Amino acid sequence: IFSTFFGGAARSQQVRREGRDMGLGITVTLEDAARGTSKEIIYDRLATCADCEGSGIGEGGTEKTCERCGGSGRVTVVQRTMFGDMQSSTTCSECEGTGKVIEGACEECQGQGRVPDRQKVSVDIPAGIRDGQQMRVPDLGEAGMRGASSGDLIVTIRIQPDDYFQRDGDDLHVAVTVSMIQAALGARITVDGIMEDEEVEVKVPEGTQSGDILKVKGRGMPRLRSSARGNLYVHVSVKIPKKLNKKERGLLEKLALEMGEETQGERSPLEKLKDIFG
């Protein structure tokens with residue numbers, strides 16, 4: 001009924017002149033996210049027509065006020081119904097709601113002021129950005145019609161999983177293996193940091209157990225738009241040797257005796273032979 005009275009909702013809508021926002025995604029490594037990087041992207045969009053500079057007017061052409069709507073972009077339509085004459089306002093079909101008509105339109109864009117084009121742009125990704133965060137690049141979305149404002153390009157950053165580091169906000173986690181001697185006596189070890197050529201010294205306390213987590217302050221991910229950094233958490237695994245030579249075994253047996261710990265006792269002749277020829 002309303003469609004009959006008012007000519008349908010679709011015909012009453014104003015034609016959109018402003019360009020729409022566009023979105024795309026970029027995948028970067030965790031190192032890129034930590035250090036910041038620049039990525040070049042290529043995508044297709046409706047860009048401003050170079051021939052007419054977005055005006056839609058060809059050489060020798062002119063833009064005039066639409067005679068049908070008088071420049072308002074809308075016209076009033078009277079329809080006769082069973083209830084009497086009904087008036088409705090609809091978008092002017094002559095100027096498509098712009099209020100202007102072009103005589104001598106640009107041949108390249110057919111008066112639209114924009115054409116399909118392949119765009120190349122370099123996007124600067126700041127250090128510390130997180131997975132899923134978005135960056136807005138102004139005016140590089142869809143171009144507007146006949147000089148209307150362009151939309152923005154919205155870039156979503158995706159970060160690849162890393163084989164070495166695990167990220168938790170601005171903190172990083174890494175797994176390392178130390179020997180049972182280092183774990184028992186304590187040691188200082190070096191692990192790779194997330195920044196370029198960075199080496200991080202980690203103090204392994206005396207008596208460290210497998211599964212312990214050591215904290216190194218300020219060696220995690222950079223905080224976005226800040227000089228501060230998160231923390232690095234080192235997950236320790238203690239490696240127990242599977243095979244010992246005769247000298248090593250003798251030393252451990254003496255240690256066990258000194259500490260009053262029980263062991264499997266005297267080795268069999270076959271086990272001793274394996275040590276000799278193993």
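Residues numbered from 1 in each chain as written. Predicted model: local features only at pLDDT ≥ 70, side-chain atom pairs only at ≥ 80, totals over all residues. Heavy atoms only, no water.

## Thoughts on the overall build of the protein chain
A tally of regular secondary structure across the protein chain gives 6 helices and 15 strands. The proportion of buried residues among the 278 residues of the protein chain is 36%. Considering only residue pairs separated by 6 or more positions, the protein chain has 65% of its internal contacts joining residues 24 or more positions apart. On the protein chain, roughly 18,000 Å² of surface is accessible, and the fraction owed to carbon and sulfur atoms is 47%. (Helix = DSSP H or I, 4+ residues; strand = E, 2+ residues; numbered from the N terminus. Buried < 20%, exposed > 50% of the residue type's maximum accessible area, 1.4 Å probe, protein only. Contact = heavy atoms within 4.5 Å. Areas by Shrake-Rupley, 256 points an atom, 1.4 Å probe, with all protein chains shown as cover.)

## A few points about the pattern of salt bridges
Enumeration over the complete set of coordinates arrives at 14 salt bridges. Ionic pairing is found between Asp 152 and Arg 136, a salt bridge with its closest N-O pair at 3.0 Å. One end of the pair, Asp 152, is in the loop between β8 (134-137) and β9 (153-159); the other, Arg 136, is in strand β8, and 16 residues separate them in sequence. Between Arg 229 and Glu 198 there is a salt bridge; the shortest N-O distance is 3.0 Å. With Arg 229 in the loop between β14 (213-216) and β15 (232-239) and Glu 198 in the loop between β12 (187-192) and β13 (199-204), this pair connects stretches of sequence that are 31 residues apart. Shared partners join several salt bridges into a network, and the residues in it are Arg 20, Arg 114 and Glu 142. (Salt bridge = Lys/Arg side-chain N within 4 Å of Asp/Glu carboxyl O.)

## As for the pairing of β8
Covered by surrounding structure in β8 are Met 135 and Val 137 only, the residues Gln 134 and Arg 136 on the alternate face being uncovered. Bridge count between β8 and β9: 4 bridges; the pairing is antiparallel. Residue pairing in the sheet places Val 137 in a bridge with Leu 153 of β9. (Pairing = 2+ DSSP bridges.)

## Observations regarding the sheet that holds strand β11 (residues 171-179)
With respect to topology, 4 strands assemble into an open sheet ordered β10-β11-β15-β14, the strand pairing being mixed. With partners counted over all chains shown, the strands left at the sheet margins are β10 (166-168) and β14, one partner each. Neighbour to neighbour, the strand axes of the sheet diverge by 30° on average, direction disregarded. (Axes fitted to C-alpha atoms, helices over the stretch in contact; angles between N-to-C directions.)

## Section: the packing of aromatic side chains
Inspection of the entire model under this criterion finds 1 aromatic pair. With a centroid separation of 4.6 Å and 85° between ring planes, the pair formed by Tyr 164 and Phe 165 is classed as edge-to-face. A residue is classified by how much of its surface remains accessible, and Tyr 164, at 34% relative accessible area, is partly exposed. (Phe/Tyr/Trp six-rings, centres within 6.5 Å; stacked < 30°, edge-to-face > 60°.)

## Details of the nonpolar core
Judged by nonpolar contacts, the single largest core of 37 residues is most densely connected at Ile 157 and Leu 232. In this structure, Ile 157 is in contact with Ile 26, Val 28, Ile 125, Ile 129, Arg 130, Asp 131, Gly 132, Gln 133 and Met 135, ignoring residues within four places of it in sequence. Judged by nonpolar contacts, the second largest core, of 6 residues, contains Cys 66, Cys 69, Cys 92 and Cys 95. (Core = buried A, V, L, I, M, F, W, Y, C linked by side-chain atoms within 4.5 Å.)

## A few points about a negative patch on the surface
Side chains of Asp 192, Glu 196, Asp 197 and Glu 199 sit close together on the surface and give a patch of like negative charge. Looking at Asp 192, the relative accessible area reads 47%, which means it is partly exposed. (Patch = residues over 30% accessible without salt bridge, like charges linked within 9 Å, V, L, I, M, F, W, Y side chains within 5 Å. Lys, Arg positive; Asp, Glu negative; His and termini not counted. Charge placed at Lys NZ, Arg CZ, Asp CG, Glu CD.)

## Here we look at the sheet that holds strand β1 (residues 22-28)
Sheet strands line up and pair through hydrogen bonds in the backbone, either parallel or antiparallel. Read across the sheet, 3 strands follow the order β1-β9-β8 without closing on themselves; strand pairing throughout is mixed. Looking at the sheet topology across the chains shown, the edges are occupied by β1 and β8. Adjacent strand axes in the sheet meet at a mean angle of 25° when their direction is disregarded.

## Examining the side chain of Glu 142
On the secondary structure map, Glu 142 appears in the loop between β8 and β9. The class of Glu 142 is buried, set by a relative accessible area of 14%. In this view, Glu 142 contacts Glu 18, Gly 19, Arg 20, Met 22, Arg 45, Leu 46, Arg 114, Ser 150 and Gly 151; residues no more than four positions away in its chain are not counted.

## Some thoughts on the environment of Lys 120
Relative to the helices and strands, Lys 120 is located in strand β7 (residues 114-125). Taking the C-alpha atoms as reference, Lys 120 lies 4.5 Å from Ile 42; in sequence the two are 78 residues apart. Discounting chain neighbours no more than four positions away, the residues touching Lys 120 are Glu 40, Ile 41 and Ile 42.

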